[in-house]
Amino acid sequence: MREINFTPSGICARHITIVLDDNNVVQDLAFMGGCDGNHKGLTALIKGMTADEAIQRLSGICCGPRRTSCPDQVAVALKEALAK
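Residues numbered from 1 in each chain as written. Predicted model: local features only at pLDDT ≥ 70, side-chain atom pairs only at ≥ 80, totals over all residues. Heavy atoms only, no water.

Undergrad: Would you take a moment to explain the pairing of strand E2 (residues 15-20) for this structure?
TA: One face of the sheet, then the other: side chains in a regular strand alternate in exactly this way. Burial analysis of E2 places five of its six residues in the buried class, which makes it a mostly covered element. Pairing between strand E1 (residues 2-6) and E2: five bridges, direction antiparallel. Residue Ile 4 lies in a different strand from E2, and its bridge partner there is Ile 18. In this structure, E2 lies alongside strand E3 (residues 26-32), joined through six bridges in antiparallel fashion. When the bridges of E3 are listed, Ile 16 appears paired with Phe 31. A loop of five residues connects E2 with E3, the two strands running antiparallel in sequence, and Asn 24 in this loop sits at a positive phi of about 60°. (Buried < 20%, exposed > 50% of the residue type's maximum accessible area, 1.4 Å probe, protein only. Helix = DSSP H or I, 4+ residues; strand = E, 2+ residues; numbered from the N terminus. Pairing = 2+ DSSP bridges.)

So, in structure tokens, the structure goes:
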């Protein structure tokens with residue numbers, strides 16, 4: 001298991017924690033700050049998904065006039081983690 005701690009930018013949440021197993025499958029996702037219900041929904045949707053699939057599905061999603069969103073920032077965190 002690997003825990004990813006990420007400080008997002010451009011969104012309401014202040015911190016994102018993602019847990020990946022040894023096969024890069026999302027086991028858990030947690031946010032500090034932001035919209036609780038949306039984060040619970042996003043967590044329920046991507047648990048069990050590979051990091052690559054989550055990146056593909058979440059990248060580029062915007063929140064209103066912002067150029068990013070909580071899902072997009074999760075994708076950014078996963079991209080950074082897989083690049084290491």
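We are not done yet, so read on.
Undergrad: Explain unusual backbone geometry to me, please; I cannot follow it from the model alone.
TA: Peptide bonds are mostly trans, and most non-glycine residues show a negative phi. At Asn 24, a residue that is not glycine, the phi angle is positive and equals roughly 60°. With respect to the helices and strands, the residue Asn 24 is situated in the loop between E2 and E3.

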